[in-house]
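The primary structure of each chain is shown beneath.
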Amino acid sequence: MDLIKQIVERAKANKQRIVLPEGTEERTITAADSLIKDGIADIILVGNPKEVKDLAAKLNLGNINKATIIDPQNYEKKEIYTNLLFDLRKAKGMTIEQAAKLAEDPLYIGCLMIKNGDADGEIAGAQNTTGDVLRPALQIIKTAPGISVVSGAFLMFTSQKEYGKDGLLVVADCAVTPDPTAAQLAEIAVATGHTARALVGEEPQVAILSFSTKGSAKHPMVDKVIEATQLAQKIDPSLNIDGELQADAALVPSVGKQKAPDSKVAGKANVLVFPSLEVGNIAYKLVQRLGGAEAVGPILQGMAAPVNDLSRGCSVSDIYNMVAIAANQAIAAKKIN
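Each chain has its residues counted from 1, following the order in which its sequence is written. Given that this is a predicted model, residues contribute local features only at a pLDDT of at least 70 and side-chain atom pairs are listed and counted only at 80 or more, while totals for whole chains, interfaces and linings are drawn from all residues. The basis for the side-chain values is all heavy atoms of the structure; hydrogens and waters are excluded.

Asks: How do you make sense of the packing of aromatic side chains when you look at a structure like this?
Replies: The geometry of an aromatic ring pair is captured by the separation of the ring centres together with the interplanar angle, meaning the angle of the planes. Stacked, tilted and edge-to-face pairs are distinguished by plane angle, under 30 degrees for stacked and over 60 for edge-to-face with tilted covering the rest, among Phe, Tyr and Trp rings (Trp via its six-membered ring) whose centres lie within 6.5 Å. For the coordinates displayed, the defined rule picks out 2 aromatic pairs. Consider the rings of Tyr75 and Tyr81, whose centres lie 5.7 Å apart with planes at 45 degrees: the pair is tilted. Three exposure classes are used, based on accessible area relative to the maximum for each residue type with a 1.4 Å probe and protein chains only: buried under 20%, partly exposed in between, and exposed over 50%. Relative accessible area serves as the criterion here: at 2%, Tyr81 is assigned to the buried category. Here Phe154 and Tyr284 contribute two aromatic rings whose centre-to-centre distance is 4.1 Å and whose plane-to-plane angle is 20 degrees, an arrangement assigned as stacked. Of this pair, Phe154 sits in strand β5 (residues 151-157) while Tyr284 is found in helix α12 (residues 277-290), placing the two residues 130 residues apart along the sequence. Accessibility classification places Phe154 together with Tyr284 in one group, the buried group. The way it works is that DSSP assigns letters per residue, a run of H or I at least four long becomes a helix, a run of E at least two long becomes a strand, and they are numbered from the N terminus.

As structure tokens, this is what we get:
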């Protein structure tokens, strides 16, 4: 888990403004206190100020007074955010009255802060569903240029040091898009490569996986991966992306050399892109449970700014780590833009 330490140190060195819409949730406010104490990010909590302060006192948290606290019912930029949301959504039929009401919803406030340049990223989901977290993000922040689909990556820390970067692999999509088209799969591959580049500190070697390696099997599902590979290579020629590759051909040098001797990725992949959500979700959970791997995520990717979704069963350390990850994503996005 040295990588997490590196991610934390990079966040410390270039502090970003991260908004936590669930500001009166115990795990969230406890993580916020530690993040402020350790200087990881400038924390913005959305919640009734009295409730936030009372909860901080109850939990003996001594640093929450250094956070920016936004009262969703009464804050300085409420009218600005209402008008911003109305402008973004009026073509979809939203009225100014509806915009004013949504501008009091913490999940909408967090995204409006990012859109308005008042925050760099958001972490939520300890109390809210993935759908509730994603809805305002897609309506307000939207996807990154050239990307139309959101996906979820995991950092997989395994004990098999010969694979990836000392046992670390970045894998996707494990969380969002059930059955991507070839074009969407290509975008997922590119986005996952960018996630790896932002977080791992090593040049990504992206393998788009299949049950076939370089024509060993014929099937429409294989054709989709072949097409996705060609599209991904065109979207971002700076990334090393190859497919279709079986998992062993992607990871094991001897197998990669035998099955795909002309591939620049085979045998040394550190990024694995699954052909569907079904495959990705099953695969990462099997590696986690049977292989004893540590899974960190999901890291939402494809958004124009980092918005990461937590599991409702998340721990304080999960929130702490995801804030540091979001900060690194924000740093990387600013470099691109």
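Asks: I keep staring at unusual backbone geometry and nothing clicks. Help me out?
Replies: In terms of backbone geometry, most residues other than glycine have negative phi values and most peptide bonds are trans. Along the chain, Ala172 connects to Asp173 via a cis peptide bond; the corresponding omega equals -10 degrees. Mapped onto the secondary structure, Asp173 falls in the loop between β6 (168-172) and α8 (182-199). A cis geometry characterises the amide bond from Gly243 onward to Glu244, with omega recorded as -5 degrees. In this fold, Glu244 is placed in strand β8 (residues 240-245). Unlike most non-glycine residues, Lys142 shows phi in positive territory, near 65 degrees. When you line up the elements, Lys142 lands in the loop between α7 (130-141) and β5. The partly exposed category is assigned to Lys142, whose relative accessible area is 36%.

Asks: Please clarify how the pairing of β5 should be interpreted in this entry.
Replies: For a regular strand, side chains alternate in direction, first toward one face of the sheet and then toward the other. Taking burial as the measure, the 7 residues of β5 include 7 buried ones, the bulk of the element. Side chains of β5 alternate between two faces, with Ser151, Ala153, Leu155 and Phe157 and Gly152, Phe154 and Met156 buried alike. Here β5 pairs with strand β10 (residues 294-301) via 6 bridges, running antiparallel. Bridge pairing links Ala153 to Ile299 in β10. Any two strands with at least two DSSP-identified bridges between them are counted as paired. Note: β5 against β6, 4 bridges, orientation antiparallel. Paired with Leu155 across the strands is Val170, a residue of β6.

Asks: Hey, could you run me through the sheet that holds β6 in this one?
Replies: Strand pairing in a sheet relies on backbone hydrogen bonds, with the paired strands running either antiparallel or parallel. Spatial ordering of the open sheet is given by β8-β7-β9-β6-β5-β10, a layout of 6 strands whose pairing is mixed. Two strands in the sheet have a free side with no partner beyond their single neighbour: β8 and β10. Looking at each pair of strands side by side, their axes are set apart by 25 degrees on average, direction ignored. Orientation is described by axes fitted as lines to C-alpha atoms, over the contacting stretch for helices, and by angles from 0 to 180 degrees between their N-to-C directions.

Asks: I tried to follow the sheet that holds strand β1 (residues 17-20) on my own but got confused; where do I start?
Replies: With parallel pairing, the 5 strands of this open sheet are ordered in space as β3-β2-β1-β4-β11. Both edges of this open sheet fall to β3 (68-70) and β11 (307-309), since each of them pairs with a single strand only. For this sheet, the mean inter-axis angle between neighbouring strands, taken without regard to orientation, is 20 degrees. Note that β1 and strand β4 (residues 121-124) share 2 bridges and pair parallel. Residue pairing across strands places Ile18 opposite Gly121, the latter belonging to β4. Residue contacts are defined here by distance: any two heavy atoms, one from each residue, within 4.5 Å place the two residues in contact. Set on the sheet, helix α6 (residues 106-115) makes contact with β1, β2 (42-46), β3, β4 and β11; between it and β4 the angle comes to about 160 degrees.

Asks: When you look at the side chain of Asp71 in this model, what are you seeing that I'm missing?
Replies: Mapped onto the fold, Asp71 is located in the loop between β3 and α4 (78-89). In this structure Asp71 is buried but unpaired, with Lys78 as the nearest side chain of opposite charge at 8.5 Å. Here a polar contact is recorded for every N or O atom pair within 3.5 Å, except that within protein the pair must consist of a potential hydrogen donor and a potential acceptor, and residues adjacent in sequence are included only if both atoms are side-chain atoms. From its side chain, Asp71 meets the backbone nitrogen of Gln73 in a polar contact 3.1 Å long. The residues contacting Asp71, other than those within four sequence positions of it, are Gly47, Asn48 and Pro49. Think of it this way: Lys and Arg go in the positive column, Asp and Glu in the negative one, and His and the chain ends go nowhere. Any Lys or Arg side-chain nitrogen located within 4 Å of an Asp or Glu carboxyl oxygen qualifies as a salt bridge.

Asks: What exactly am I supposed to notice about empty space enclosed by the protein here?
Replies: Lining residues are defined by having an atom within 4 Å of a point belonging to a cavity or pocket. Those points lie on a 1 Å grid over the protein atoms alone, cavities being sets where a 1.4 Å probe fits but cannot get out and pockets being open sets with protein on both sides within 12 Å along at least five of seven lines. Grid points are joined across faces, edges and corners, and a volume is the space filled by probe spheres set on the points. Across all of its chains, the model carries 1 cavity of 30 Å³ or more by this definition. Volume-wise, the largest cavity comes out at about 40 Å³. What lines the largest cavity is simply Lys165, Leu168, Val170, Ala196, Val200, Glu202 and Asn270. Broken down by class, the residue content of the lining of the largest cavity amounts to 4 nonpolar, 1 polar and 2 charged. Only Asp, Glu, Lys and Arg are considered charged, only Ala, Val, Leu, Ile, Met, Phe, Trp, Tyr, Cys and Pro nonpolar, and every remaining residue, Gly among them, polar.

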